[in-house]
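Structural overview
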Amino acid sequence: MNSSEIDSLNRRFGIPNHVHFSEGPSAFVIAEINNFHARVTLCLQGAQVLTFQPINQEPVLYVSKSARYVGGKSVRGGIPVCWPWFGPHASDAQKPAHGIARSSMWSIIETVALNDGATRVVLELVPVPEHRALWPHETRVQLHVSVGPSLTVELVTHNESAQPVQISEALHTYFHVSDIESVSVSGLDGCKYVDKVTGGAPAIQQQAITIHGETDRVYLNTAAECVIHDPGLHRRIHVAKTGSRSTVVWNPWTEKALKLGDMGDNGFRSMLCIESANALDDIVSVAPGKEHRLTTIISVERDNDSAL
Ligand code: TA6
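We now turn to the structure provided with this report. Since the model is a prediction, treat every value here as computed from it, not as a measurement.

Here is what the cut-offs are and how they apply
Residues numbered from 1 in each chain as written. Predicted model: local features only at pLDDT ≥ 70, side-chain atom pairs only at ≥ 80, totals over all residues. Heavy atoms only, no water. Helix = DSSP H or I, 4+ residues; strand = E, 2+ residues; numbered from the N terminus. Rg over C-alpha atoms; globule rule 2.2 N^0.38 Å. Buried < 20%, exposed > 50% of the residue type's maximum accessible area, 1.4 Å probe, protein only. Contact = heavy atoms within 4.5 Å. Areas by Shrake-Rupley, 256 points an atom, 1.4 Å probe, with all protein chains shown as cover. Lys, Arg positive; Asp, Glu negative; His and termini not counted. Charge placed at Lys NZ, Arg CZ, Asp CG, Glu CD. Phe/Tyr/Trp six-rings, centres within 6.5 Å; stacked < 30°, edge-to-face > 60°. Core = buried A, V, L, I, M, F, W, Y, C linked by side-chain atoms within 4.5 Å. Pairing = 2+ DSSP bridges. Axes fitted to C-alpha atoms, helices over the stretch in contact; angles between N-to-C directions. Polar contact = N/O pair within 3.5 Å; in protein donor to acceptor, adjacent residues only side chain to side chain.

What follows is about the overall build of the protein chain. The secondary structure content of the protein chain amounts to 3 helices and 23 strands. A compact globule built from 308 residues should have a C-alpha radius of gyration of about 19 Å, and the protein chain, at 19 Å, falls within 12% of that. C-alpha extents for the protein chain along the principal axes are approximately 50 × 45 × 35 Å. Taken across its 308 residues, the protein chain has 54% of its residues classed as buried. Looking at the protein chain alone, contacts between residues at least 24 apart form 63% of all its contacts between residues at least 6 apart. Summed over its atoms, the accessible surface of the protein chain is roughly 13300 Å², and 50% of this surface lies on carbon and sulfur atoms. For the protein chain, the distance from the average position of its 25 positive side-chain charges to the average position of its 32 negative side-chain charges is 3 Å.

Below you can see the structure in the form of structure tokens.
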């Protein structure tokens with residue numbers, strides 16, 4: 001997008017002390033949402049939230065120091081939008097992993113300064129001819145981003161066809177942590193999960209989750225809020241959700257991170273994905289003319305009592 005198009009975005013959707021558009025790396029269009037609660041940046045490609053930093057807090061999301069800003073590829077970090085399928089396509093390995101949304105252009109359709117000083121930005125996926133071969137359904141998808149003391153991200157699927165449409169999806173959130181081996185995650189105790197590292201073996205979570213190697217788990221049939229306990233940063237990150245029956249927990253660890261090529265040498269040590277999703281058995285059927293909303297609500301709580 002060139003500077004006159006960015007000027008047009010600022011004229012139509014910019015809001016002083018709330019929303020401003022600028023050109024980022026590789027001419028990516030970046031929306032900066034800055035209010036007295038927090039600062040968020042997102043790129044129009046993929047409607048990808050990149051950063052979230054509440055006032056007086058450390059960054060909450062992880063973006064790889066080796067992240068690449070390439071057209072048609074999601075950036076390593078922030079909150080990639082996986083839609084209308086999660087993971088590899090169920091029947092066609094040629095189709096892109098995690099669907100079409102995260103690598104496609106979205107447009108801004110609304111920006112609002114809310115009464116409590118928060119800010120909302122609404123984006124919509126721009127339909128293009130090549131999508132039809134990948135996803136031959138009449139659906140419209142929007143992302144609603146609300147920035148206040150917490151960050152709320154809503155992925156809204158509208159079924160505009162006369163038939164039910166099945167989707168799987170995730171808000172694939174990368175969290176910034178002090179060190180992966182010093183954090184734990186509560187909220188999924190007793191929950192059934194599919195362990196993708198051991199070839200899909202089912203298991204039941206015992207107690208809090210700790211990470212000491214490659215971890216790639218889809219927790220099923222759970223609406224639970226997760227909490228990342230991070231004594232190194234003296235904080236707890238709360239990941240609440242609605243419209244989601246799956247939670248994905250992922251850290252690639254050394255070997256997988258090296259294979260990915262955009263996580264640097266030890267980037268995996270300062271990230272943990274806790275993804276609000278509907279995946280595997282939790283596929284969603286959206287009735288004709290209806291909408292489905294997957295929401296993740298991220299907030300941070302200081303924990304000055306915790307010590308490493
Ligand atoms: O959500 C976990 C996962 O499905 C992992 O299996 C891994 O593939 C990760 O997503 C990242 O996928 P990406 O295509 O962004 O490299």
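For the rest of this paragraph, the subject is the environment of leucine 143. On the secondary structure map, leucine 143 appears in strand E8 (residues 139-147). By relative accessible area, leucine 143 is classed as buried at 1%.

This next bit is on the packing of aromatic side chains. For the structure on display, the rule yields 6 aromatic pairs. Geometrically, the ring pair formed by tyrosine 62 and tyrosine 174 is stacked, given 6.2 Å between the ring centres and 20° between the ring planes. With tyrosine 62 in the loop between strand E4 (48-54) and strand E5 (81-82) and tyrosine 174 in strand E12 (residues 174-176), the pair connects residues that are 112 residues apart, well separated along the chain. Residue class for tyrosine 62 comes out buried when judged on its relative accessible area of 5%. Given the relative accessible area of 2%, tyrosine 174 is considered buried. Judged by centre distance (4.8 Å) and plane angle (40°), the rings of tyrosine 193 and tyrosine 219 are tilted. One end of the pair, tyrosine 193, is in strand E14 (residues 192-195); the other, tyrosine 219, is in strand E17 (residues 215-219), with 26 residues separating them in the sequence. Each residue in the set Tyr62, Tyr174 and Trp250 is aromatic and connected to the rest through ring pairs, giving one cluster.

Attention shifts here to the nonpolar core. In terms of nonpolar packing, the biggest core is built from 71 residues, with Trp83, Trp106 and Leu151 touching the most fellow members. Grouped together as the second largest cluster of nonpolar side chains are 9 residues, Ala170, Val218, Val248 and Ala279 included.

Right, let's get into the sheet that holds strand E3 (residues 38-43). With antiparallel pairing, the 4 strands of this open sheet are ordered in space as E1-E2-E3-E4. With one partner strand each, in any of the chains shown, strand E1 (19-23) and E4 form the two edges of the open sheet. The mean angle between the axes of side-by-side strands here comes to 20°, regardless of whether they run parallel or antiparallel. Judged from the 5 bridges that link them, E1 and strand E2 (residues 29-34) form a sheet pairing that is antiparallel. Bridge assignment links serine 22 to a residue of E2, and that residue is isoleucine 30. Each of E1 and E2 touches helix H1 (residues 3-13); the most contacted strand, E1, lies at about 175° to it.

Our next topic: the environment of glutamine 53. As for its position among the elements, glutamine 53 is in strand E4. A sequence separation of 94 residues divides glutamine 53 from valine 147, and the C-alpha atoms of the two residues are 9.9 Å apart. Here glutamine 57 takes part through its backbone oxygen, which lies 2.8 Å from a polar atom of the side chain of glutamine 53.

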